[in-house]
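Here is what each chain is made of, one letter per residue.
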Amino acid sequence: MKEIADETFFRYCVLTLIFSGPPTAVALKFLQAPYGKHNRSGWGPTLSPPLAWFLMESPTLWLTLLLFPFGRHSHNPKSLLLFSPYLLHYFHRTVIYPLRLLRSSSSSKNGFPITIAAMAFTFNLLNAYIQARYVSHYKNDYDDGVWFWLRFVIGTVVFVTGMWINITSDRTLVRMKKENRGGYVIPRGGLFEFVSCPNYFGEVVEWLGWAVMTWSWAGVGFFLYTCSNLIPRARASHVWYGDKFKDEYPKTRKAVIPFVF
C-alpha cells in the first residue's frame with residue numbers, strides 16, 4: 001500500500017513538472033525574473049547573488065543524497081553512473097558557480113530577490129525528488145543491455161557538450177562583468193558570435209542529453225521545463241542587448257539556437 005501511494009505521488013509530481021512548462025513559458029513572455037541584466041526594484045528584500053545561487057540550487061545535492069539510498073537500485077552501478085552527470089552539473093551550479101560570482105567584484109552590486117530564489121528553491125525540491133527517485137527506484141530498464149548503454153553514451157556526449165558550452169559561456173560573462181566593473185558590454189568570442197545567450201543554449205542541450213540518457217518522462221519533463229524557462233529569457237536578453245547597444249549589436253546573432261532562433 002505504501003509503495004502504491006509513493007508511486008502515485010511520484011506520477012503526480014512528474015505530471016506537475018510536465019504541465020508547468022507551458023504556463024511558465026507564457027508568463028516569461030511578458031515578465032522576466034528580476035535578476036542579472038533584468039534586475040529591477042519592487043520585488044522585496046534581496047540576497048547577494050552568490051548566496052542566492054547556493055541556497056536555491058542546494059536541494060539538488062542534499063535532497064538527492066537523502067533520497068537516493070532508499071531506492072531499490074541505489075546500489076546498482078548503472079544507476080550510480082547514470083546519475084553522476086546530474087550531480088556533476090549541480091555541484092558546479094551550487095558550489096563552483098557561486099564561488100566564481102563571489103570572486104567577481106560585480107556580484108554584489110545588484111541583489112537577488114528572495115522571492116525569486118524561493119521559487120527556484122521550490123522547483124529544485126520538486127525536480128530533485130523526481131530525478132533522484134526515478135533513477136534510484138522507478139527506472140526499470142537497467143537490464144536492457146546494449147540499449148541502455150547506447151542511450152547512455154549518446155546522451156552523455158550531448159550532455160557533456162552542453163555543459164561545456166554552458167560553463168565556458170558563463171565564465172566569459174562573469175569575466176567580462178569583472179573587467180568592466182559590473183557594466184555590460186557586447187559579448188564576443190565562441191558561440192557568442194552566433195547567439196546572444198549560449199549559456200542558456202548549453203543548458204538546454206545538457207538536459208536534452210539527460211532526457212536521452214534516462215529515456216523517461218522525468219527526463220523529458222525536465223528538458224521541456226528548461227526550454228520553457230530559458231528560451232523566453234534568452235529572447236528577452238537578446239532584445240535587451242539590441243535596445244542597449246542598438247546598431248553596434250550584431251544583426252546576424254540569434255537569441256539562443258544558432259542559425260535558427
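Residues numbered from 1 in each chain as written. Predicted model: local features only at pLDDT ≥ 70, side-chain atom pairs only at ≥ 80, totals over all residues. Heavy atoms only, no water.

This part covers the environment of Tyr225. Mapped onto the secondary structure, Tyr225 falls in helix 9 (residues 217-245). A sequence separation of 208 residues divides Tyr225 from Leu17, and the C-alpha atoms of the two residues are 7.1 Å apart. The contacts of Tyr225, once residues within four sequence positions are left out, are Leu17, Ser20, Gly21, Thr24 and Phe123. (Helix = DSSP H or I, 4+ residues; strand = E, 2+ residues; numbered from the N terminus. Contact = heavy atoms within 4.5 Å.)

The computed volume of the second largest pocket comes to approximately 260 Å³. In terms of lining, the second largest pocket is formed by 13 residues, of which the most central are Phe10, Arg11, Val14, Tyr134 and Trp217. Listing elements by their share of the lining of the second largest pocket, those giving two or more residues are helix 1 (2-19), helix 6 (114-138) and helix 9. With six residues, the top contributor of residues to the lining of the second largest pocket is helix 1. Of the residues contributing to the lining of the second largest pocket, the split by class is eight nonpolar, two polar and three charged. (1 Å grid on protein atoms, 1.4 Å probe; cavity = no way out; pocket = protein on both sides within 12 Å on 5 of 7 lines; lining within 4 Å. Points joined across faces, edges and corners; volume = space filled by probe spheres on them. Nonpolar A, V, L, I, M, F, W, Y, C, P; charged D, E, K, R; others polar.)

One turn of an α-helix holds 3.6 residues; hence residues three or four places apart share an orientation. The end-to-end C-alpha distance of helix 9 is 41 Å, a good match for the 42 Å that 29 residues give at a rise of 1.5 Å each. Looking one or two places after helix 9, you find Lys246, whose phi comes out positive at around 50°. (Expected span 1.5 Å × (residues − 1).)

Take the UniProt feature "transmembrane region" (unreviewed entry) in the chain next. UniProt records the feature "transmembrane region" (unreviewed entry) for residues 12-31, 51-68, 111-130 and 146-167 in the present numbering. Between the C-alpha atoms that bound residues 12-31 there is a distance of 28 Å. The span itself is 90% helix and 0% strand. As annotated, residues 111-130 has a helix share of 85% and a strand share of 10%, and its two end C-alpha atoms lie 30 Å apart. (UniProt positions renumbered as here; feature names shortened; annotations may be inferred.)

With the exception of glycine, most residues fall at negative phi, and the peptide bonds are largely trans. With a phi close to 50°, Trp215 is a non-glycine residue in the positive phi region. Locating Trp215 in the fold gives a position in the loop between helix 8 (198-214) and helix 9. We classify Trp215 as exposed; its relative accessible area is 54%. The phi angle at Phe259 is positive, at roughly 70°, despite the residue not being glycine. Summarising the element assignment, Phe259 is placed in the segment after helix 9. Note on Phe259: relative accessible area 66%, which makes it exposed. (Buried < 20%, exposed > 50% of the residue type's maximum accessible area, 1.4 Å probe, protein only.)

Aromatic rings in a pair are described by how distant their centres are and how their planes are angled relative to each other. Applying the stated criterion to the full structure yields 28 aromatic pairs. Both rings, one in Tyr90 and one in Trp207, keep their centres 5.8 Å apart while their planes meet at 25°; by these two values the pair is stacked. Of this pair, Tyr90 sits in helix 5 (residues 77-103) while Trp207 is found in helix 8, placing the two residues 117 residues apart along the sequence. Pair check on accessibility: Tyr90 and Trp207 agree, each one buried. Taken together, Phe68, Phe83, Tyr86, Tyr90, Phe123, Phe159, Trp207, Trp210, Phe222 and Tyr225 form an aromatic cluster joined through their ring pairs. One cation-aromatic arrangement involves Lys37 over Trp240; the distance from NZ or CZ to the ring centre is 5.9 Å. The ring centre of Tyr97 lies 4.7 Å from the NZ or CZ of Arg93, which sits over that ring. (Phe/Tyr/Trp six-rings, centres within 6.5 Å; stacked < 30°, edge-to-face > 60°. Lys NZ or Arg CZ within 6 Å of the ring centre and 35° of its normal.)

With that out of the way, let us pick up the packing of helix 7 (residues 146-179) against helix 8. Closest axis-to-axis distance for the helix 7/helix 8 pair is 7 Å, and the angle between their directions is 160°. Of the possible angle classes, the one that applies to helix 7 and helix 8 is roughly antiparallel. The two elements helix 7 and helix 8 meet at a crossing, and its hand is left-handed. Split by residue class, the contact of helix 7 with helix 8 holds 15 nonpolar, eight polar and four charged. (Axes fitted to C-alpha atoms, helices over the stretch in contact; angles between N-to-C directions. Parallel < 35°, antiparallel > 145°, perpendicular 65-115°, else oblique. Left-handed = near helix turned anticlockwise from the far one by under 90°.)

Turning next to the side chain of Ser79. Among the secondary structure elements, Ser79 is positioned in helix 5. On the accessibility criterion, Ser79 (0% relative accessible area) is buried. Only 2.5 Å separates the side chain of Ser79 from the backbone oxygen of His73, close enough to count as a polar contact. Aside from chain neighbours lying at most four places away, what touches Ser79 is Phe68, His73, Ser74, Val135 and Tyr142. (Polar contact = N/O pair within 3.5 Å; in protein donor to acceptor, adjacent residues only side chain to side chain.)

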